[in-house]
Amino acid sequence: MTLIADSPTTCHERLMAEHSAHNYHPLPVVIAEGAGAWVTDVEGRRYLDCLAGYSALNFGHGHPALLAAAHRQLDRVTLTSRAFGNDQLGPFCAEVAELVGKDMVLPMNTGAEAVETGLKVARKWGYEVKGVPENRAHVIVAARAFHGRTISIVSFSTDPEARGGFGPFTPGFTAVPYGDPDALRAAITPETVAVLIEPIQGEAGVVVPPAGYLPAVREICSTANVLFVADEVQSGLGRTGHVLATRAAGTDADVYLLGKALGGGITPLSAVVADADVLGVLRPGQHGSTFGGNPLACAVGRAVIELLEDDGPGGLLARARTLGAVLHARLARTLGRGVLAVRGTGLWAGIDIDPRLASGREVCERLARAGVLVKDTHGSTIRLSPPLVVTAEEIGVAVDALEAVLADLRRPRGAGLRRRVSRA
Ligand SMILES: *Cc1c(COP(=O)(O)O)cnc(C)c1O
């Protein structure tokens, strides 16, 4: 495994290529350590982490309060299973319920599990409360959505790569265009039990719907007696400068799905949050998870909630709003200079690179070489979601690097060629 000539990066990459399933195509960076908004690779190079684990690291790497909570709980008890109670579960559920403003919380582990759980709850609610005939429950989703990778979730994905080769698919779903209330209204049937949408589509490229869309979804759901299920796994818990993007849009869902940042970047932790008339349809034995609600995850989750409860001027939510404005003001200056469009809100941006210049992947590789980590999506889009602990100065570093990469790509071909030749 060790050739003397190999760099540590090459060595790790070979191990990953040979023994880690090829379901990802990572950028050529092998991270060994992280602190705040920065990570260090196996060769000691530092990078500004502007992906933040797709928002799982909203509070940065190794946030002191979260690490302290995890360390404390590691020494007490880490797993009990739900066969018994544990002294972190009740307080965690109460604190999440209070933060979100609903009655009940069902803790799971990953975002996909929260989505699956939300769908099971919606179907059961449909049969028991709404009175939909058995096995007829219908759920409406949005095109280009991302909700995870399980069989049922890819069953309603409109991304051929996510679905291809994984059938047969779970029936009962209809996808409608995102941001179009009329299309949604037209798709509702008497058997529709839920509308599942992201209040901002993350993986699609940070797509913010038109103003009025989410309130319209609320109105359509209320009129038709359908549950509005908001997948806030990525948009929630601070990314937009708010606890919930749905509320920031001036409306309220019936069911909130939380994940990613809920585990503080330390442990997987997700949750389904709703009022008792909805979540109450689940009774013992009908749903569960060995690790769901484990005391370690709950202890970390409680420390996350505590960070989010501070919406004062010095808090992380305020930071995301203020620094989000700084980020978007800086990014607006890249428009027309290799960038076709910038979308987003808070510390969250989707940037469409002019495909004639480079692919999103190429821009991400160049940014990584410049010490800034971001990730491409759907060909020519890159997305920026730095941890909320990032500083205005660090945002400047990231956008400067992007501008330098774009300027380099826009230089006449010959100049780039000469540089490449002389470097070789
Ligand atoms: C990441 C994500 C998920 C899936 O979460 P996992 O923890 O990867 O299963 C679901 N919904 C949205 C909106 C996401 O961004």
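Since the structure is predicted, the reported quantities are computational estimates derived from the model, not experimental observations. Here the residue index of a chain counts from 1 through its sequence in written order. Restriction of local features to residues with pLDDT of at least 70 applies here, the model being predicted, together with a cutoff of 80 or more for giving and counting side-chain atom pairs; totals for whole chains, interfaces and linings are based on all residues. Side-chain descriptors were evaluated using all non-hydrogen atoms of the structure, hydrogens and water having been removed beforehand.

### A closer look at the environment of L282
Helix numbering and strand numbering both begin at the N terminus, where a helix is a DSSP run of H or I of at least 4 residues and a strand a DSSP run of E of at least 2. Structurally, L282 can be placed in the loop between helix 11 (276-279) and helix 12 (295-309). Placed 96 residues apart in sequence, L282 and A186 show a C-alpha to C-alpha distance of 30 Å. In this analysis, two residues are considered to be in contact whenever any of their non-hydrogen atoms come within 4.5 Å of each other. Leaving out residues up to four positions away in the same chain, L282 has contacts with L106, V121, K124 and H287.

### Overview of the side chain of D354
Residue position: D354 is located in the loop between strand 12 (349-353) and helix 14 (360-369). Side-chain polar atoms of D354 contact the side chain of R356, separated by 2.7 Å. Those residues in contact with D354, other than ones at most four positions away along the chain, are G338, V339 and L340. For this analysis, a polar contact is any N or O atom pair within 3.5 Å, provided that within protein one partner can donate a hydrogen and the other can accept it, and provided that sequence-adjacent residues contribute only side-chain to side-chain pairs.

### Looking at the nonpolar core
Nonpolar cores are built from buried Ala, Val, Leu, Ile, Met, Phe, Trp, Tyr and Cys residues. Side-chain atoms within 4.5 Å join them into one set. Throughout this description, buried means an accessible area under 20% of the type-specific maximum (1.4 Å probe, protein chains only), exposed means over 50%, and partly exposed covers the range between. Residues V195, V363, L367 and I382 are the most contacted members of the largest nonpolar core, which totals 82 residues. Counting residues per element, this core draws most heavily on helix 15 (residues 392-410), at eight residues. Residue ranges for the domains trace back to a domain assignment, done automatically or taken from a database. Each of domain 1 (8-62 + 313-410) and domain 2 (76-308) gives at least three residues to this core. Filtering out sequence-adjacent residues up to four positions away, V363 remains in contact with I353, A358, I382, L402, V405 and L409. Of all hydrophobic cores here, the second largest spans 30 residues; its members include V141, F156, V233 and V272.

### Some remarks on the packing of aromatic side chains
Two rings from Phe, Tyr or Trp (for Trp, the six-membered ring) form a pair when their centres sit within 6.5 Å of each other. Planes less than 30 degrees apart are called stacked, planes more than 60 degrees apart edge-to-face, and all others tilted. The final tally for this structure, using the stated rule, is two aromatic pairs. Residues F156 and F173 carry aromatic rings whose centres are separated by 4.5 Å and whose planes lie at 40° to one another, so their mutual orientation is tilted. Here the residue F156 occupies a position in the loop between helix 6 (151-155) and helix 7 (160-163), and F173 occupies one in strand 6 (residues 173-176), the gap between them amounting to 17 residues. Arranged with centres 5.5 Å apart and planes meeting at 70°, the rings of Y178 and Y213 form a pair that is edge-to-face. Of this pair, Y178 sits in the loop between strand 6 and helix 8 (181-187) while Y213 sits in helix 9 (residues 213-224), and the two are 35 residues apart along the sequence. Accessibility expressed as a relative area gives 16% for Y178, which makes it buried.

### A closer look at the sheet that holds strand 12
By definition, two strands form a pair when at least two bridges between them are found by DSSP. What the four strands build is an open sheet, ordered 11-12-15-14; its pairing is antiparallel. The open sheet has two edge strands with one neighbour each: strand 11 (339-344) and strand 14 (375-377). Between one strand axis and the next, the sheet turns by 30° as a mean value, whatever way the strands run. Two strands pair when backbone bridges link them, and strand 14 and strand 15 (residues 381-384) are joined in this way by three bridges, in the antiparallel orientation. Bridge assignment links T377 to a residue of strand 15, and that residue is T381. Each axis is a line fitted through C-alpha atoms, and for a helix only the stretch in contact is used; angles between axes span 0 to 180 degrees, taken between their N-to-C directions.

### Regarding the domain arrangement of the protein
Taken domain by domain, the protein comprises domain 1 (8-62 + 313-410) and domain 2 (76-308). Its C-alpha centre places domain 1 at a distance of 27 Å from the equivalent point of domain 2. Listed as interface residues are 27 residues of domain 1 and, on the opposing side, 27 residues of domain 2. Defined in terms of a 1.4 Å probe, buried area is the accessible area two parts forfeit on being brought together, summed over both. When domain 1 packs against domain 2, the two sides together hide about 2200 Å² of surface, and 61% of this comes from carbon and sulfur. Sorting the residues of domain 1 by area buried against domain 2 places F59, L317 and W348 first, and these three jointly supply 33% of that buried surface. What counts as a salt bridge is simple: a side-chain nitrogen of Lys or Arg found within 4 Å of a carboxyl oxygen of Asp or Glu. Between E203 and R383 there is a salt bridge, and its shortest N-O distance comes to 3.1 Å. Among the elements of the structure, helix 2 (52-55), helix 13 (316-332), strand 11, strand 12 and strand 15 are those that each provide at least two residues to the side of domain 1 that touches domain 2. For the side of domain 1 that touches domain 2, the leading source of residues is helix 13, giving four residues. Taken together, the residues that form the side of domain 1 that touches domain 2 break down as 14 nonpolar, ten polar and three charged. Gly counts as polar in this scheme, as do all residues outside two lists: the nonpolar Ala, Val, Leu, Ile, Met, Phe, Trp, Tyr, Cys and Pro, and the charged Asp, Glu, Lys and Arg.

### Description of the sheet that holds strand 4 (residues 104-108)
Across the sheet, seven strands lie side by side as 4-10-9-8-7-5-6; this open sheet has mixed pairing. Looking along the sheet, the strands with just one partner apiece sit at the ends: strand 4 and strand 6. Between one strand axis and the next, the sheet turns by 20° as a mean value, whatever way the strands run. Sheet analysis places strand 5 (residues 138-142) next to strand 7 (residues 192-197), joined by four bridges and oriented parallel. Residue pairing for strand 7: V139 is matched across the bridge by A194.

### Side note on the site of the ligand
The criterion for a residue being near a molecule or strand is simple. One of its heavy atoms has to lie within 4 Å of it. Taken together, the neighbourhood of the ligand is formed by T110, G111, A112, F146, H147, G148, E198, D231, V233, Q234 and K260. At 2.8 Å, a backbone N or O of G111 approaches an oxygen atom of the ligand. A112 has a polar backbone atom sitting 2.8 Å from an oxygen atom of the ligand. Here the accessible surface of atoms and residues is derived via Shrake-Rupley with a 1.4 Å probe, and residues count as covered only by protein chains that are part of the display. Coverage of the ligand by the protein amounts to 82% of the 380 Å² it exposes when considered alone. Taken together, the residues that form the shell around the ligand break down as three nonpolar, five polar and three charged.

### A short note on the packing of helix 4 (residues 89-100) against helix 12
Following both chains from N to C, one finds helix 4 and helix 12 inclined at 30°, their axes separated by 9 Å at the closest point. Relative to helix 12, the element helix 4 is oriented roughly parallel. The two elements helix 4 and helix 12 meet at a crossing, and its hand is left-handed. Taken together, the residues of helix 12 that come into contact with helix 4 (itself represented by L89, P91, F92, E95, V96 and L99) are C298, G301, R302, I305, L308 and E309. Its residues assigned to classes, the contact of helix 4 with helix 12 comprises eight nonpolar, one polar and three charged. Oblique is the label for any angle not covered by the other classes, which are roughly parallel (under 35 degrees), roughly antiparallel (over 145) and roughly perpendicular (65 to 115). The hand of a helix crossing depends on one turn: near helix anticlockwise from the far one by less than a right angle means left-handed, and clockwise means right-handed.

### A word on the side chain of R239
By secondary structure assignment, the location of R239 is in the loop between strand 8 (227-231) and helix 10 (245-248). Counted as positive: Lys and Arg. Counted as negative: Asp and Glu, with His and the chain ends omitted from the count. It turns out R239 is buried and unbridged, and the closest side chain with the opposite charge, D49, is 8.5 Å from it. Separated by 2.9 Å, the side chains of R239 and S55 make a polar contact. A distance of 2.8 Å separates polar atoms of two side chains, one belonging to R239 and the other to N58.

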